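Spelled out, the chains give:
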Amino acid sequence: MTPLTPARPPGRPRSGINDVVFAATLSTVRELGYARATVERIAAAAGIAKTTIYRRWPTKGALIVDCLLDAFGPVPLEGGSRAEIVSSAVRWTAGKIGEPGVGDAFAGVFSDGVSDPELREILSSRLQDPYRLALQEALGEPEHRVLFLIDVVVGTLLHRMGMTGEPMVDGDVDALVEMVLPLFHREPDSP
């Protein structure tokens, strides 16, 4: 007699759990706001135990950062000129922050990072750095100039979201693009 082997490992199936948790996170943040979107409420919305979340993400901040990375994906650096690259990056960022729940989650975790050095490090190394490095390479600009671009663009977009509860309208995104383009009008080697 041969021993029976289970068709799958014991316990609940785990495939797609991140997708379920990320969708529940954005939905919960959108419905309740960042502060009231606790890990317990996110777990309930996902139909899983909160221990399942805590095994993957030790804090709400770490969960939100991974959720944002999933929502944002890689930055599409489109265009041949520096102006086209900057313009496409600003418009892409505005579009992503305007997606339901994304801007709320970003603003909330960003605010928490002000008083939480560990979360600030996660935000810097996991969320900001990949985009900063891609922009530095595409634009041929030093770190401090790309960080300034990120500060101006993301800060402006999150401020608008915080002040109005709404993403920036297209006309204002156009104005933001026009505002930052002069900073990158010359090639990096030019005087």
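Since we're looking at a predicted model, the values are computed, not measured. (Residues numbered from 1 in each chain as written. Predicted model: local features only at pLDDT ≥ 70, side-chain atom pairs only at ≥ 80, totals over all residues. Heavy atoms only, no water.)

J.: Any chance you could explain the overall build of the protein here in plain terms?
T.: Scanning the protein from terminus to terminus reveals nine helices and zero strands. For the protein, the α and β elements follow one another from N to C terminus as α-α-α-α-α-α-α-α-α. Long-range contacts, defined as pairs at least 24 residues apart, comprise 64% of the intrachain contacts of the protein with a sequence gap of at least 6. Of the accessible surface of the protein, which amounts to about 10,700 Å², a share of 57% is contributed by carbon and sulfur atoms. (Helix = DSSP H or I, 4+ residues; strand = E, 2+ residues; numbered from the N terminus. Contact = heavy atoms within 4.5 Å. Areas by Shrake-Rupley, 256 points an atom, 1.4 Å probe, with all protein chains shown as cover.)

J.: Sorry if this is basic, but what is going on with the pattern of salt bridges here?
T.: Side chains that carry opposite charge are capable of pairing whenever their charged atoms lie near each other. Tallied over the entire structure, the rule returns nine salt bridges. For Arg160, the salt bridge goes to Asp172, with nearest N and O atoms at 2.7 Å. In this pair, Arg160 is assigned in helix α8 (residues 143-164) and Asp172 in helix α9 (residues 170-180), connecting sequence segments twelve residues apart. Under the relative-accessibility criterion, Arg160 is labelled partly exposed at 27%. Residue Asp172 is classed as partly exposed on the basis of its relative accessible area, which comes to 30%. (Salt bridge = Lys/Arg side-chain N within 4 Å of Asp/Glu carboxyl O. Buried < 20%, exposed > 50% of the residue type's maximum accessible area, 1.4 Å probe, protein only.)

J.: I tried to follow the packing of aromatic side chains on my own but got confused; where do I start?
T.: By convention here, two paired aromatic rings are described through the distance between centres and the angle between planes. Applying the stated criterion across every chain, the model contains five aromatic pairs. Here Phe72 and Trp92 contribute two aromatic rings whose centre-to-centre distance is 5.6 Å and whose plane-to-plane angle is 75 degrees, an arrangement assigned as edge-to-face. Of the two residues, Phe72 is situated in helix α4 (residues 60-72) and Trp92 in helix α5 (residues 82-97); the sequence distance between them amounts to 20 residues. What makes Phe72 buried here is its relative accessible area of 7%. Residues Phe72 and Tyr131 carry aromatic rings whose centres are separated by 6.3 Å and whose planes lie at 55 degrees to one another, so their mutual orientation is tilted. (Phe/Tyr/Trp six-rings, centres within 6.5 Å; stacked < 30°, edge-to-face > 60°.)

By themselves, these observations are geometric and do not establish any function.
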